[in-house]
Amino acid sequence: MNITSKILLSIIIGTCLVSFTACGSSDSNNQSSQQVTTTQQEQTTDTTTTATTKEDKTIPEVTVENNATAEATDSTESNTLVVYFSRTGNTEKIAEYLINITNADSYVIEAAVPYTDEDIEYNNASCRANQEQNDKSVRPEIVDPISSIDSYDTIFLGFPIWWGQEPRIIDTFLESYDFSEKTVIPFCTSGSSGISTSEKNISELVTIGTQLEGKRFAAGASKDEVKEWYDTLNLN
């Protein structure tokens, strides 16, 4: 081999070595880039997982607050009930004053067969109310009676005076429940008749834990009058 051939062979070998070195460097750079990308993705995933975990931990706190609110609502239930029967609206007005003053629950006694104006004509001896009041055994049916009074300690019982005493439908109500551990407070409306006969009838009809002295109101009695009477009862 002459000198010229040797020189050409050296040049070719050098060129090949340079090419191989460049390829190796490129592969190494690509691998490093892939590792960096993979590491960044893993860090992003870890950050997202941590954020999600922190958000999930806040959910039980909302539930606890809702339960506390529900318990506060339950604790405000009244232990006083205002029960009343009213045909012309006079007793209803007094009862509404009392409900507002005491923040009590209420129940309206309604007859299954409603009383008409003709049923309560005082001057008609044969009218329905007159016949019922003359017969102490009559018990007019009540529509939609209250299911229970067990949760109440104090019960105000209101009614109009018919022929000097409570309407017979009040007796229906009294005989339907157990008042042996209740405080019962009658009140009534009338043109002139008092409440004493009704109080006596009520006390003899059923067993009552404590029956406080009742109160008669005129049809035009004010809320202040009702409040003044309520304050004398010393129920608090």
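Residues numbered from 1 in each chain as written. Predicted model: local features only at pLDDT ≥ 70, side-chain atom pairs only at ≥ 80, totals over all residues. Heavy atoms only, no water.

Let us now look at the environment of Ser 151. Residue position: Ser 151 is located in the loop between α4 (128–133) and β3 (154–160). Note on Ser 151: relative accessible area 52%, which makes it exposed. For the pair formed by Ser 151 and Asn 79, sequence separation is 72 residues and the distance between their alpha carbons is 6.4 Å. (Helix = DSSP H or I, 4+ residues; strand = E, 2+ residues; numbered from the N terminus. Buried < 20%, exposed > 50% of the residue type's maximum accessible area, 1.4 Å probe, protein only.)

Across all of its chains, the model carries 11 aromatic pairs by this definition. Ring geometry for Phe 85 versus Tyr 115: centroids 5.9 Å apart, planes at 65°, classification edge-to-face. With Phe 85 in the loop between β1 (80–84) and α3 (90–102) and Tyr 115 in the loop between β2 (105–108) and α4, this pair connects stretches of sequence that are 30 residues apart. A ring pair is formed by Tyr 122 and Trp 163, whose centres lie 4.9 Å apart and whose planes are at 40°; its orientation type is tilted. A residue pair is termed long-range when its members are at least 10 positions apart, and Tyr 122 in the loop between β2 and α4 and Trp 163 in the loop between β3 and α5 (168–174) qualify at 41 residues. Clustering of aromatic rings is evident, with ring pairs tying together Phe 156, Phe 187, Phe 217, Trp 229 and Tyr 230. The lysine or arginine in question, Arg 128, covers the ring of Tyr 115, its NZ or CZ lying 3.7 Å from the ring centre. Over the ring of Phe 217 we find Lys 215, and its NZ or CZ is 5.8 Å from the ring centre. (Phe/Tyr/Trp six-rings, centres within 6.5 Å; stacked < 30°, edge-to-face > 60°. Lys NZ or Arg CZ within 6 Å of the ring centre and 35° of its normal.)

The next thing to look at is the pairing of strand β5 (residues 208–211). In the sheet, strand β4 (residues 179–189) pairs with β5 via three bridges, with the strands oriented parallel. By the bridge assignment for β5, Thr 183 is matched with Thr 210. Since β4 and β5 lie parallel, the crossover through helix α6 (residues 196–205) that links them has a hand, and here it is right-handed. (Pairing = 2+ DSSP bridges. Right-handed = clockwise from strand over helix to strand, strands pointing away.)

Within the secondary structure, Gly 209 is located in strand β5. Using a relative accessible area of 41% as the deciding quantity, one classes Gly 209 as partly exposed. Counting along the chain gives 30 residues from Gly 209 to Phe 179, while the straight-line C-alpha distance between them is 6.3 Å. If sequence neighbours within four positions are ignored, Gly 209 has contacts with Phe 179, Ser 180, Glu 181 and Lys 182. (Contact = heavy atoms within 4.5 Å.)

In this section: the confidence of the model for the protein. Chain-level pLDDT for the protein is 79 on average; 67% of the residues reach the 70-or-more range. This model gives residues 16–75 a pLDDT under 50, and the stretch forms zero contacts once residues within four places in sequence are excluded. (pLDDT = per-residue confidence, 0-100.)

Our focus in this paragraph is helix α7 (residues 223–231). When we look at burial in α7, the residues that qualify are Val 226, Trp 229 and Tyr 230. Within α7, the buried residues cover an arc of 100° as seen down the axis, which keeps them to one side. More than 90 degrees from the buried face of α7, the exposed residues found are Asp 224 and Glu 228. Taken together, the buried residues of α7 touch α3, β3, β4 and β6 (215–217). (Arc of directions from axis to C-beta.)

Our focus in this paragraph is the packing of α3 against α7. Contact geometry of α3 with α7 gives a least axis separation of 9 Å together with a crossing angle of 55°. With respect to α7, the element α3 is oriented oblique. Crossing hand, α3 versus α7: right-handed. Of α7, the residues touching α3 (which contributes Ile 94, Tyr 97, Leu 98, Asn 100, Ile 101 and Thr 102) are Lys 223, Val 226, Lys 227, Trp 229 and Tyr 230. (Axes fitted to C-alpha atoms, helices over the stretch in contact; angles between N-to-C directions. Parallel < 35°, antiparallel > 145°, perpendicular 65-115°, else oblique. Left-handed = near helix turned anticlockwise from the far one by under 90°.)

Right, let's get into α3. Structural remark: α-helix, 3.6 residues per turn; residues separated by three or four positions point the same way. Compared with an ideal rise of 1.5 Å per residue, which puts 13 residues at 18 Å, α3 spans 19 Å between its outermost C-alpha atoms and is within 8% of the ideal. Among the residues of α3, those classed as buried are Thr 91, Ile 94, Ala 95, Leu 98, Ile 99 and Thr 102. Down the axis of α3, the smallest arc covering the buried residues is 140°, so these residues share one side. Tucked inside the fold, the buried residues of α3 contact β1, β2, β3, β4, β6 and α7. (Expected span 1.5 Å × (residues − 1).)

Scanning all chains against the criterion turns up eight salt bridges. The shortest N-O distance in the salt bridge between Glu 132 and Arg 128 comes to 3.2 Å. Pair noted here: Glu 132 and Arg 128 are both in helix α4, with a separation of four residues, about one helical turn. Asp 171 is the partner of Arg 168 in a salt bridge, and the nearest nitrogen-oxygen pair spans 3.4 Å. With Arg 168 and Asp 171 both in helix α5 and three residues apart, this pair spans about one turn of that helix. Owing to a relative accessible area of 2%, Arg 168 belongs among the buried residues under this scheme. It is possible to trace a salt-bridge network through shared partners that takes in Arg 139, Arg 168, Asp 171 and Glu 175. (Salt bridge = Lys/Arg side-chain N within 4 Å of Asp/Glu carboxyl O.)

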